[in-house]
Amino acid sequence: MDRFEAMRAFARVVETGSFTRAAHTLQLSRTTVTQLVQQLEAHLRLRLLNRTTRRVSVTADGAAYYPRIVRLLAELEEVEGGLGDAAAQPRGRLRIDVPGPYARLRLVPALPGFQARYPEIQLEVGVSDREVDVIADNVDCVIRGGTPADPALVARPLASLPIGFHASPGYVQQFGMPEHPRAMQGPDHHTVGFLSPRSGRARVFTAQRGAERIEVQGRYSIGFDDGNAYLAAGLAGLGVVALPSYMAEPHVARGELLPVLQDWRLPPMPMHVMFPPNRHMSQRLRVFIEWVVETLG
């Protein structure tokens, strides 16, 4: 039995709650993961996991054993990472997931600098606005906007992005400038709905002018759960959109979008880079997070 492989398998089953998902993230067969855990239990003469046809749960012994082996595996990776020139040149595969507009407009243009600094890191970038299960999807970290939805993840603040209302010149020509956020609730104006990947509901924006405060969802006939499509809808004149400044400014400069309701303020959108606390932060993940904060923060 490779004891360290067996410990890795057990830890991943605990983290994912499934032999199948653990096998997927470790790139092993389910049978191999099952055998490794069974061998580890036989070696320890303890039952670490309770298994039924429906679920896997951790025994009291398994719950006590898990944090100890996580620390041990972390130390082993740190020792191996410090050999030779590995400390100076972190290497290996790193999987991240980033919203589409942020990847296209902020992250990707900056990546040549990361690649030049860390040429041995193989970066695999998922681009989506969907909710990602970091453990089950075998992702090292995600970058997301808004209030962190998963309290189980460590969320490191990255930036706070100003947001404003915008519309295309064609929309303004057809429907006029909305003079108050309430106008977007009525029959004379349209918004584009930005749908939450979690709930499927259109997001509500809170607009404030002095002491006046109002929640704005607006009347929409079309909504999107993808930021790039949401922006495209605003450019096409389908309705008023609420956009972070980094998305809107290039189009405002070219005359493709017009700021509206400029005397109203929307709360800025916080951006975070998030990762699981129970998985050891590898050297390659650590340097990526530091680079993201340094470069895009």
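Placed above this text is the structure.
For the structure given in this document, a descriptive report is provided here. Note that the coordinates shown come from a computational prediction; the quantities given were computed from them, not determined experimentally. Here the residue numbers are simple positions, counted from 1 along each chain's written sequence. At least 70 in pLDDT is required for a residue's local features to be given in this predicted model, at least 80 for side-chain atom pairs to be given and counted, and no such filter applies to totals for whole chains, interfaces and linings, which use all residues. Working from all heavy atoms in the structure, the side-chain values ignore hydrogens and water.

## Side note on the overall build of the protein chain
In step 1: Within the protein chain, the regular secondary structure consists of 9 helices and 14 strands.
In step 2: Each of the three principal axes of the protein chain carries a C-alpha extent, and together these read 75 × 45 × 35 Å.
In step 3: A 1.4 Å probe rolled over the protein chains alone gives each residue an accessible area, and that area as a share of the maximum for its type sets the label: buried under 20%, exposed over 50%, partly exposed in between. Here the protein chain, with 297 residues, has 43% of them falling under the buried criterion.
In step 4: Here, residues are in contact when the closest pair of their heavy atoms is within 4.5 Å. In the protein chain, once contacts between residues fewer than 6 apart in sequence are set aside, the share between residues at least 24 apart is 75%.
In step 5: Per element, the accessible surface of the protein chain, about 15,400 Å² overall, is 50% carbon and sulfur.
In step 6: His is not counted, nor are the chain ends, whereas Lys and Arg count as positive and Asp and Glu as negative. Every charge is mapped to an atom, namely NZ of Lys, CZ of Arg, CG of Asp or CD of Glu. Charge-centre separation for the protein chain: the mean point of 33 positive side chains lies 5 Å from the mean point of 30 negative side chains. A run of H or I in DSSP counts as a helix once it spans at least four residues, and a run of E counts as a strand once it spans at least two, with each numbered from the N terminus. Here the Shrake-Rupley method, with its probe set to 1.4 Å, supplies the accessible areas, and only the displayed protein chains count as covering residues.

## What to know about the environment of Ile 69
In step 1: Relative to the helices and strands, Ile 69 resides in helix α4 (residues 60–81).
In step 2: For Ile 69, a relative accessible area of 2% gives the class buried.
In step 3: Separated by 65 residues in the primary sequence, Ile 69 and Phe 4 place their C-alpha atoms 9.0 Å from one another.
In step 4: Leave out the neighbours within four places in its chain, and Ile 69 touches Met 7, Phe 10 and Ala 11.

## Brief notes about the sheet that holds strand β7 (residues 163–167)
In step 1: Strand pairing is defined by DSSP finding a minimum of two bridges between the two strands. If you walk across this open sheet you meet the 3 strands as β12-β7-β13, and the pairing is antiparallel. In this open sheet, the two strands that pair with only one neighbour each are β12 (241–244) and β13 (258–260). Between one strand axis and the next, the sheet turns through 55° on average, direction left out of account.
In step 2: Alignment of β7 against β13, held across 3 bridges, turns out to be antiparallel. Axis definition: a line fitted to C-alpha atoms, limited for helices to the stretch in contact. Angles are taken between N-to-C directions and run from 0 to 180 degrees.

## Let's talk about the pattern of salt bridges
In step 1: Salt bridge, as applied in this entry: a Lys or Arg side-chain nitrogen positioned within 4 Å of an Asp or Glu carboxyl oxygen. In total, this model carries 12 salt bridges according to the counting rule given.
In step 2: As a salt-bridge pair, Asp 97 and Arg 144 come within 2.6 Å of each other at their nearest N and O atoms. Separated by 47 residues along the polypeptide, Asp 97 in strand β3 (residues 92–98) and Arg 144 in strand β5 (residues 141–145) bring together distant segments of the chain.
In step 3: Take Arg 144: its relative accessible area is 13%, and that puts it in the buried class.
In step 4: Across the pair Glu 290 and Arg 156 runs a salt bridge, and its minimum N-O distance is 2.7 Å. In this pair, Glu 290 sits in helix α9 (residues 283–296) while Arg 156 sits in strand β6 (residues 154–161), placing the two residues 134 residues apart along the sequence.
In step 5: Residue classification places Glu 290 among the partly exposed residues on the basis of a relative accessible area of 38%.
In step 6: Arg 156 sits in the partly exposed class, given a relative accessible area of 29%.
In step 7: Salt bridges sharing partners connect three or more residues here, namely Arg 182, Arg 209, Glu 212 and Asp 263.

## Re the layout of surface pockets
In step 1: Grid points spaced at 1 Å and placed over the protein atoms alone form the basis of the search, with a cavity being a set where a 1.4 Å probe fits but cannot get out and a pocket an open set showing protein on both sides within 12 Å along at least five of seven lines. Lining residues have an atom within 4 Å of a point. Grid points are joined across faces, edges and corners, and a volume is the space filled by probe spheres set on the points. Considering only enclosed or pocket space, the largest pocket measures out at about 1,200 Å³ in volume.
In step 2: For the largest pocket, the lining is made up of 46 residues, of which Arg 144, Gly 145, Gly 146, Thr 147 and Arg 203 are closest to its centre.
In step 3: Broken down by element, the residue count for the lining of the largest pocket peaks at 4 residues, all from strand β14 (residues 269–275).
In step 4: Throughout, the ten residues Ala, Val, Leu, Ile, Met, Phe, Trp, Tyr, Cys and Pro are labelled nonpolar, Asp, Glu, Lys and Arg are labelled charged, and all others, Gly among them, are labelled polar. Its residues assigned to classes, the lining of the largest pocket comprises 30 nonpolar, 7 polar and 9 charged.

The quantities given are spatial measurements derived from coordinates; they are silent on function.
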